[in-house]
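# Descriptive structure summary
Residues per chain, in single letters:
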Amino acid sequence: MSSSSYRSARAVPAPTSPSSRGGRSATSVVRAIRMFMAASALVFLLTTLTTMMISGVDAYGEAWDYIDALPNEEVCRMGASPNPSAYPLPTLLHYCQYYGVANVVFAKRSIPTNFFTCQSPLLEEPPIDAMSSQYAYMFGRDGKRQDLDSKDHKRHVFSSCAITSAMNEAALFFKLHHCDKSEANTEKKISLVRS
């Protein structure tokens, strides 16, 4: 096509008279396409996505099925170092709840205000074998031990491993870039269990 006969779509106004091939004008086709796209967008907005996020371990309509399907020996590892090519995982863990396994709990309002400093130790992390039945408990907000059933245990292990690992990784990044090696505290000993 020669450059003189080519014009961009923006430069050519849509014809308003019906075409000889289908009886519809370009304007009505464009209108139909816009209506279809608007309807599709509305259906998408009204569709509940249950594969993207997890938050409360007893929440309905979230992606906990992915966590429930993990082999027990992989739960903590997948929380701490997600690998969606090995197992499908939710995209987001909304840390709005109280999570715990054994003597390790996470409550966002309990993080010490000096956590991101050179002198502060890191959070205590769940044991590598956190899915062992000996760790099927947590300490509640009141500091009392609560036994966990197998489903809640798995969900708390995943969440606890994920958040403590993420917090410690962020703190280590801070220490690496802002602290002298001699003053950077990398001990994992902060416990958020209330006594």
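The structure under discussion appears in the preceding block.
Residues numbered from 1 in each chain as written. Predicted model: local features only at pLDDT ≥ 70, side-chain atom pairs only at ≥ 80, totals over all residues. Heavy atoms only, no water.

### Digging into the state of the cysteines
Inclusion rule: In this description, a disulfide is simply a cysteine sulfur pair whose atoms lie within 2.5 Å. In this description a helix means any DSSP run of H or I spanning at least four residues, a strand means any run of E spanning at least two, and both kinds are numbered starting from the N terminus. Buried residues are those whose accessible area, probed at 1.4 Å on protein chains only, stays under 20% of the maximum for their type, while exposed residues exceed 50% and partly exposed ones sit between those limits.
Using the criterion set out here, one finds 2 disulfides in the structure. Here Cys76 engages in a disulfide with Cys161; their sulfurs sit 1.9 Å apart. Around the S-S axis, the bridge from Cys76 to Cys161 shows a dihedral of about -100° and counts as left-handed. Placement of Cys76 in helix α3 (residues 75–80) and of Cys161 in helix α4 (residues 150–178) is noted, with a sequence separation of 85 residues between them. Here Cys76 falls in the buried class, since its relative accessible area comes to 10%. Overall, the relative accessible area of 2% leaves Cys161 in the buried class.

### Points about the side chain of Glu62
Spelled out, the test is: We treat Lys and Arg as the positive residues and Asp and Glu as the negative residues; His and chain ends play no part in the count. A side-chain nitrogen of Lys or Arg and a carboxyl oxygen of Asp or Glu constitute a salt bridge if their distance falls within 4 Å. The term polar contact refers here to a pair of N or O atoms within 3.5 Å; inside protein, the definition further demands a hydrogen-donor-capable atom paired with an acceptor-capable atom, and it admits residues adjacent in sequence only when both atoms are side-chain atoms.
Checked against the element boundaries, Glu62 lands in the loop between β1 (53–54) and α2 (64–68). In this structure Glu62 is buried but unpaired, with Arg155 as the nearest side chain of opposite charge at 7.3 Å. A polar side-chain atom of Glu62 sits 2.6 Å from a polar atom in the side chain of Ser55.

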